[in-house]
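Below are the chains, spelled out letter by letter.
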Amino acid sequence: KAGVTQTPRYLIKTRGQQVTLSCSPISGHRSVSWYQQTPGQGLQFLFEYFSETQRNKGNFPGRFSGRQFSNSRSEMNVSTLELGDSALYLCASSKGVPVGELFFGEGSRLTVL
Amino acid sequence: DQQVKQNSPSLSVQEGRISILNCDYTNSMFDYFLWYKKYPAEGPTFLISISSIKDKNEDGRFTVFLNKSAKHLSLHIVPSQPGDSAVYFCAASSGDNAGNMLTFGGGTRLMVKP
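**Student:** What is the right way to read the sheet that holds strand E8 (residues 74-78) of chain A from this model?
**Tutor:** Across a sheet, paired strands are connected by hydrogen bonds in the backbone, their directions being either parallel or antiparallel. All names here are of chain A. Across the sheet, four strands lie side by side as E1-E3-E8-E7; this open sheet has antiparallel pairing. Taken across any chain shown, the strands that pair with only one partner, and hence form the sheet edges, are strand E1 (5-7) and strand E7 (64-68). Recorded for the sheet is a direction-independent mean angle of 15 degrees between the axes of neighbouring strands. Across five bridges, the pairing between strand E3 (residues 19-24) and E8 is antiparallel. When the sheet's bridge partners are listed, Leu21 is paired in E8 with Met76.

**Student:** Looking at this structure, I do not really get unusual backbone geometry. What am I missing?
**Tutor:** For residues that are not glycine, phi is negative in most cases, and the peptide bond is trans in most cases. With omega at -10 degrees, the peptide bond leading from Thr7(A) into Pro8(A) counts as cis. Here the residue pair Val78(B) and Pro79(B) is connected by a cis peptide bond, since its omega of -10 degrees sits within 30 degrees of zero. With respect to the helices and strands, the residue Pro79(B) is situated in the loop between strand E8 (72-77) and strand E9 (86-93). Although it is not a glycine, Glu52(A) sits at a positive phi angle of roughly 70 degrees. Topologically, Glu52(A) is positioned in the loop between strand E5 (42-50) and strand E6 (53-57). Judged by its relative accessible area of 46%, Glu52(A) falls in the partly exposed class. One non-glycine residue, Ser72(A), lies in positive phi territory at about 75 degrees.

**Student:** Any chance you could explain the side chain of Ser49(B) here in plain terms?
**Tutor:** Residues and elements named next belong to chain B. Its location among the elements puts Ser49 in strand E5 (residues 45-51). A relative accessible area of 9% places Ser49 in the buried class. Only 3.0 Å separates the side chain of Ser49 from the side chain of Tyr32, close enough to count as a polar contact.

**Student:** Quick question: what am I supposed to make of the state of the cysteines here?
**Tutor:** What we call a disulfide is simply a covalent bond connecting the sulfur atoms of a pair of cysteines. Applying the stated criterion to the full structure yields two disulfides over all chains. The side chain of Cys23(A) participates in a disulfide bridge whose partner is Cys91(A); the two sulfur atoms lie 1.8 Å from each other. Torsion about the S-S bond of the Cys23(A) and Cys91(A) cystine: about -60 degrees, corresponding to left-handed handedness. Taken as a pair, Cys23(A) in strand E3 and Cys91(A) in strand E9 (residues 87-94) lie far apart in primary sequence, 68 residues in all. The pair Cys23(A) / Cys91(A) is uniform in exposure class, with both members buried. Between Cys23(B) and Cys90(B) runs a disulfide, and the two sulfur atoms are separated by 1.9 Å.

**Student:** Can you help me understand the interface of chain B and chain A in this one?
**Tutor:** If you look at the interface, chain B gives 19 residues, while chain A gives 21 residues. Here chain B and chain A share an interface that buries about 1,600 Å² over both sides, 56% of which is from carbon and sulfur atoms. Counting across the interface, chain B meets chain A through seven residue pairs in polar contact (both at pLDDT 80 or more). Of all the secondary structure elements, the ones that give two or more residues to the side of chain B that touches chain A are strand E4 (32-38), E5 and E9 of chain B. A total of four residues in the side of chain B that touches chain A trace back to one element, the largest contributor, which is E4(B). By residue class, the composition of the side of chain B that touches chain A is eleven nonpolar, six polar and two charged.

**Student:** Looking at this model, I keep getting lost on the pattern of salt bridges. Mind explaining?
**Tutor:** Side-chain pairs of opposite charge can arise whenever the charged atoms involved come near each other. On inspection of all chains with the given rule, the structure shows eight salt bridges over all chains. For the salt bridge of Glu48(A) with Arg55(A), the shortest nitrogen-to-oxygen distance reads 2.7 Å. Glu48(A) gets classed as buried once you look at its relative accessible area, which sits at 0%. In this structure, the salt-bridge partner of Glu58(B) is Lys56(B), at a minimum N-O distance of 4.0 Å. Overlapping salt bridges, with partners in common, bring together Arg63(A), Glu82(A) and Asp85(A) in one network.

Cut-offs and rules
Residues numbered from 1 in each chain as written. Chains lettered and ligands numbered in written order. Predicted model: local features only at pLDDT ≥ 70, side-chain atom pairs only at ≥ 80, totals over all residues. Heavy atoms only, no water. Pairing = 2+ DSSP bridges. Helix = DSSP H or I, 4+ residues; strand = E, 2+ residues; numbered from the N terminus. Axes fitted to C-alpha atoms, helices over the stretch in contact; angles between N-to-C directions. Buried < 20%, exposed > 50% of the residue type's maximum accessible area, 1.4 Å probe, protein only. Polar contact = N/O pair within 3.5 Å; in protein donor to acceptor, adjacent residues only side chain to side chain. Disulfide = S-S within 2.5 Å. Contact = heavy atoms within 4.5 Å. Buried area = accessible area lost by both parts, 1.4 Å probe. Nonpolar A, V, L, I, M, F, W, Y, C, P; charged D, E, K, R; others polar. Salt bridge = Lys/Arg side-chain N within 4 Å of Asp/Glu carboxyl O.

Note that all results are geometric; they support no functional claim without further evidence.
Printed below as a string of structure tokens:
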């Protein structure tokens, strides 16, 4: 079956702009999580959505937001981009249980200039 | 403050030998632990997990050991194969309310030499 699909795969933005990343989960998966990966901080949890509701949020500023649609597809948005937001943004889907067994997409690599 | 640490950034082993990857954690609320592996240009892939009520879980060549008193877990790969060369992340979760909010270690790059 099709895996987790993230778009776009690569993008370049400038400081102050905003960006929207999209994630299509595996069919039947109701949970979508977002993680940020950087060389300095590693993989850090951003937020999780389950059945269109945010279930958990990581320690990121309010510039980072997300949502989930009724078909389980999810988007995350970063406003007022900063240089430090340059990272690989990974989306992961799961059925919900067992907790933690996530299926990751290939990521969206964001470069902020 | 890193709650999950992988102190070895890299590990090199010979094909056929055992690979042992280590992970330490500080948060006593963690009760479920997982290992993921990541190849370049791909997302992490789930490998194996263990609940805090167990001290060992085995799946084929992969075995995870948990020592709760030491707040330490390890992943054993026996025998190691060149295709196992990847970055391995340990991750931890703190109960059902945490959902899929995982705390990851920094990763260990495993190189298996033919």
